[in-house]
2 protein chains.
Amino acid sequence: MKLRNLLYAQSGGVTSVINTTAAGVIETARASNEIGKVYAGKNGISGILKEELVDTSLESDTQINLLKYTPGGAFGSCRYKLKDPKEDPTQYTRLLEVFKSHNIGYFLYNGGGDSQDTTNKIASFTKKSGFPVQCIGIPKTVDNDLPFTDNCPGFGSVAKYIATSTQETALDVKSMADTSTKVFIMEVMGRHAGWIAASSSLASVEKNDPPHIILLPEIRLSKTKFINKVKRTVLDNGYCVIVVSEGLRDIRGNFLSDSGRVDAFGHKQLGGVAPRISEIIQDKLGYKCHWAVPDYLQRSARHLSSKIDFEQAYGVGKAAVELCLAGENAVMPIIKRNKTKKYSWSIDKINLSKVANIEKKLPKSYISKDGFGVTGKCKEYLKPLIEGEAFTPYKNGLPVKAILKNKLVKKKLKEFS
Amino acid sequence: MKLRNLLYAQSGGVTSVINTTAAGVIETARASNEIGKVYAGKNGISGILKEELVDTSLESDTQINLLKYTPGGAFGSCRYKLKDPKEDPTQYTRLLEVFKSHNIGYFLYNGGGDSQDTTNKIASFTKKSGFPVQCIGIPKTVDNDLPFTDNCPGFGSVAKYIATSTQETALDVKSMADTSTKVFIMEVMGRHAGWIAASSSLASVEKNDPPHIILLPEIRLSKTKFINKVKRTVLDNGYCVIVVSEGLRDIRGNFLSDSGRVDAFGHKQLGGVAPRISEIIQDKLGYKCHWAVPDYLQRSARHLSSKIDFEQAYGVGKAAVELCLAGENAVMPIIKRNKTKKYSWSIDKINLSKVANIEKKLPKSYISKDGFGVTGKCKEYLKPLIEGEAFTPYKNGLPVKAILKNKLVKKKLKEFS
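Residues numbered from 1 in each chain as written. Chains lettered and ligands numbered in written order. Predicted model: local features only at pLDDT ≥ 70, side-chain atom pairs only at ≥ 80, totals over all residues.

In this section: the overall build of chain A. Counting secondary structure elements, chain A contains 13 helices and 13 strands. Relative to the globule expectation of 22 Å for 417 residues, the C-alpha radius of gyration of chain A, 23 Å, shows essentially globular dimensions. Across its three principal directions, the C-alpha atoms of chain A cover 75 × 50 × 45 Å. The buried share of chain A, taken over its 417 residues, is 59%. Partitioning the intrachain contacts of chain A with sequence separation of at least 6 by distance along the chain shows that 76% fall at a separation of at least 24. (Helix = DSSP H or I, 4+ residues; strand = E, 2+ residues; numbered from the N terminus. Rg over C-alpha atoms; globule rule 2.2 N^0.38 Å. Buried ≥ 20, exposed ≤ 12 C-beta atoms within 10 Å, placed from the backbone. Contact = placed C-beta atoms within 7 Å.)

See below:
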């Protein structure tokens, strides 16, 4: 009997190690003798609907190895939500046709909460259809907001980047504060959950070490309390470093980046909570401020990935294939923190039906009393996730990246609209 | 005779390797038997006026070695311009008092063009005063805008950071462009000279590789031409990566970040050319844009310094002390590019009178015809400057930094006002 093929797809915002997971999938499948070819959806599920399947068997072992060091989504990702099959099964019927035409026995979907809801729906649909496909979710998100898994592959590297950048920029600001910038504000990702902002706390070792203030999306900003805290920090330390989540809300629950400002033509101003915070401080206290918005730099900084994150990202890819081989369906490998004194982790699994659409925010016990920082408990949780360096190879002063052919498999179906 | 002491000070915006230069100074002076103690001005020249001198002899060899891996200015820097001694000699008289009281025979000032003007004035003043102090400038600036030196210590590391970040974020944007962000804009430092923006070009190897557009402060922005170029790039490649200098000006010569926008309270909006560019594109083309402003991250990213920059930063510190020992005065070591096939460099020197207050911009031959990029000649110049990695040691997942005592020498003079 012809071996059934495996179809892997990336979904949602990419990370610096999502391709490391892809390498874990491909290398594990290649090493097995029970799986046919590994295909990858071009631009995720949206490409699969168009029958655009990348044939990864055409890529050399060297390039697949280099995937581990390549940020972004090597096959393309997408922001695309399938409809509910109960309301409109067209997309699911199409997916099934694609699966059948290309002898897909395994579907691996690498994404966050929304995507795992989709994986679960596809699993149910194919099961009922009489053409069962083993559907396995693979966790990924820089936001670290998936439930059940101790942490999400992709997060540890952002945490390391943000903690390092906080440490580095704080040294810069400190050295200039006497005659120049007194307040530095760094805006980080996190619309609803403050995990990334919280990770900046790892830069702080001694009391009064920066960051002095962390503004979390879980805590609504009281301007008066905030201004007082900034003033006190500058008086005590000579400078103040602030890390703010993009999703920070004011006391009435409105996003701060939604400032209501308009330009000369009446156009509404676009995002950026860091410049807004800077403005508030300059208005109220007159301190010279600088602000930074690393944006995509933080989630693509493969050059500074953590070794733990790298290993876990690879690990969940490998585990997903092993779950296929073990006959599992509608499950997702997750990271489990072992009950050891020194940090260690293992891989467990969870049913996809449990994961879908739950967002894990910072628990109360992780947020400091005054709401402007995190607790020791939070730092204990975060610490091991940034451990170790997963350096990339370099050539001509720049990180070496995979260059894939990304050749599509010949289409067999009619166009899908 | 008692050996005369050396006074070192940092000036202006700091870099990721200015402390590497400090280590070069201190280690070379320690190894010599002709120099007494090495003092460092607390917060640069402003601390020296206050007789605030750090005694670096109290720091261990280990911590001085760690300085090489520590961004920011370890003794503090300042933005402070001395008056012209012809108009008001008070500050110079005070400096002389400080020099005399602490037996300073050598003054080393580590800064950009403005600072070297100061060094030169101090050299002239002390010479005339009958208490000659050998004054040596040491080049430093991320902007790479000093004349005579082939490049400036501090620049190569920013260039490496910006080229790497361009490469990494471009992979991120490319993978999402089909259904999400189509245009990514990164704002980099450079108010008058486009060297940092130009360095992003090193991320591009093949034709059509990102960055697709570089907006330089040397070229005034024609909005129509720009919008057409963005549109064409997205049509051809599916996405567009833009790197823009903070000092970009419009066709009338006004800074783009000076947008004339006001908030609900009538306050003028603060800086940020990247959000402004994003707005223009969204208005005219409707593409989803993302923007980043790495700000201080770029100039403090010691974790990604180039080896060449690291070695040159150390080299100019070492050379400055050697110039002292050779009896030189009012000179500055500079980097010379040797006429070898493979890149190599050596250290030369220049009279400070020549350096002062000249700003080196991108020459015309380095800017592409359409004004939206740089030439092959420019890339050939830039390439070697990002070569090699000068990795930092890590502990607990974060770069290890020097922790200095920064103990001040006992004051001998009255307070200065």
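There's more to say after this.
Next up on the list: the confidence of the model for chain A. Any residue range with low pLDDT should be treated as having predicted coordinates unsuitable for detailed reading. Residues and elements named next belong to chain A. With 96% of its residues at a pLDDT of at least 70, chain A reaches an overall mean of 94. Between residues 261–265, whose pLDDT stays under 50, and residues either more than four places distant or in other chains, the model counts 13 contacts. Here the prediction assigns the complex a pTM of 0.97, and the interface score ipTM is 0.96. (pLDDT = per-residue confidence, 0-100.)

A word on the relation of the copies chain A and chain B. Least-squares fitting of chain A to chain B yields an RMSD of 0.0 Å, with the superposition described by an axial translation of 0.0 Å and a rotation of 180°. In the structure described here, the two chain copies are related by an operation that fits a two-fold rotation axis. The overlap is high: 100% of the interface residues of chain A also sit at the interface in chain B, so the same surface is used on both sides. (Least-squares fit on C-alpha atoms with pLDDT ≥ 70 in both.)

Turning to the interface of chain A and chain B, a few remarks are in order. One widely used convention gives an interface's size as the accessible area the parts lose upon coming together. Taken together, the contact between chain A and chain B spans 70 residues of the former and 70 residues of the latter. At the level of secondary structure, the elements contributing two or more residues to the side of chain A that touches chain B comprise α6 (155–176), α9 (273–285), β9 (289–292), α10 (296–300) and β13 (398–399) of chain A. The element best represented in the side of chain A that touches chain B is α6(A), accounting for 13 residues. In terms of residue class, the side of chain A that touches chain B is made up of 26 nonpolar, 27 polar and 17 charged. (Nonpolar A, V, L, I, M, F, W, Y, C, P; charged D, E, K, R; others polar.)

All names here are of chain A. Once the domains are mapped, chain A shows domain 1 (5–143 + 306–358 + 391–399) and domain 2 (155–300). Domain 1 and domain 2 are separated by 34 Å when their C-alpha centres are compared. Taken together, the contact pairs 13 residues of domain 1 with 12 residues of domain 2. (Domains from an automatic or database assignment.)

What follows is about the packing of helix α8 (residues 223–237) of chain B against helix α9 (residues 273–285) of chain B. All names here are of chain B. Put simply, α8 and α9 touch, their axes get as near as 11 Å, and they point 75° apart. With respect to each other, α8 and α9 are oriented roughly perpendicular. In this structure, α8 contributes Lys 223, Ile 227, Val 230 and Lys 231 to the contact, and α9 contributes Ile 280, Ile 281, Lys 284 and Leu 285. Each residue belonging to the contact of α8 with α9 can be placed in one class, and the counts come to five nonpolar, no polar and three charged. (Axes fitted to C-alpha atoms, helices over the stretch in contact; angles between N-to-C directions. Parallel < 35°, antiparallel > 145°, perpendicular 65-115°, else oblique.)

A word on helix α11 (residues 307–325) of chain B. Taking 1.5 Å of rise per residue, 19 residues should cover 27 Å, and α11(B) covers 27 Å from first to last C-alpha, within 8% of that figure. A large share of α11(B) lies buried, amounting to 14 of its 19 residues. (Expected span 1.5 Å × (residues − 1).)

Attention now goes to the environment of Val17(A). Here Val17(A) shows up in the loop between β1 (5–10) and α1 (18–31). Sequence-wise, Val17(A) and Lys383(A) are 366 residues apart; in three dimensions their C-alpha atoms are separated by 19 Å.

Moving on, we get to the sheet that holds strand β6 (residues 183–188) of chain B. Residues and elements named next belong to chain B. Pairing is parallel in the open sheet, where four strands are placed in the order β7-β8-β6-β9. For this open sheet the edge positions go to β7 (213–215) and β9 (289–292), each flanked by a neighbour on one side alone. When strand polarity is set aside, the average angle formed by the axes of neighbouring strands in this sheet is 15°. Direction of pairing for β7 relative to strand β8 (residues 240–245): parallel, over a ladder of three bridges. Counted as the bridge partner of Ile 214 is Val 243 from β8. Those strands touched by helix α6 (residues 155–176) are β6 and β8, and its axis lies near 165° from that of β6. (Pairing = 2+ DSSP bridges.)

Helix packing geometry: the angle between the two helix axes and the distance between the axes. All names here are of chain B. At a minimum axis separation of 10 Å, helix α4 (residues 90–101) and helix α5 (residues 113–129) run at an interaxial angle of 70°. Comparing their axes, α5 and α4 come out roughly perpendicular. Relative to α5, the crossing made by α4 is right-handed. For the pair α4 and α5, contact is made by Tyr 92, Leu 95, Leu 96 and Phe 99 and by Ile 122, Phe 125, Thr 126 and Ser 129, respectively. When grouped by side-chain class, the residues that make up the contact of α4 with α5 number six nonpolar, two polar and no charged. (Left-handed = near helix turned anticlockwise from the far one by under 90°.)

If you check α8(B), its first and last C-alpha atoms are 21 Å apart, about what 15 residues at 1.5 Å a residue would give, namely 21 Å. Count one or two residues on from α8(B) and you reach Gly238(B), which has phi positive near 90°.

Let's shift gears to the sheet that holds β9(A). Residue and element names in this part refer to chain A. Strand order in the open sheet formed by four strands is β7-β8-β6-β9, with parallel pairing between adjacent strands. Edge strands, defined here as strands with exactly one partner in the open sheet, are β7 (213–215) and β9. Each strand of the sheet is rotated relative to its neighbour by a mean of 15°, with strand direction disregarded. With four bridges connecting them, strand β6 (residues 183–188) and β9 associate as parallel partners. Bridged to Met 186 within β9 is Ala 292.

All right, on to unusual backbone geometry then. Cis geometry marks the peptide bond from Pro210(A) to Pro211(A), where omega comes out at 0°. Mapped onto the elements of the fold, Pro211(A) is located in the loop between α7 (195–199) and β7. The backbone of Glu51(B) sits at a positive phi, close to 60°, despite the residue not being glycine. Within the fold, Glu51(B) resides in the loop between α2 (45–49) and β3 (53–55). With 22 C-beta atoms packed within 10 Å, Glu51(B) lands in the buried category. Positive phi outside glycine occurs at Asn406(B), with the angle close to 50°. By the secondary structure assignment, Asn406(B) is in the segment after β13 (398–399). Judged by the 16 C-beta atoms lying within 10 Å of it, Asn406(B) falls in the partly exposed class.

Let's shift gears to the environment of Ala301(A). Relative to the elements of secondary structure, Ala301(A) occurs in the loop between α10 and α11 (307–325). Measuring from C-alpha to C-alpha, the distance between Ala301(A) and Pro71(A) comes to 7.2 Å, with 230 residues separating the pair along the chain. Contacts of Ala301(A), omitting those with residues within four sequence positions, involve Ser16(A), Ser157(A), Tyr161(A) and Glu168(B).

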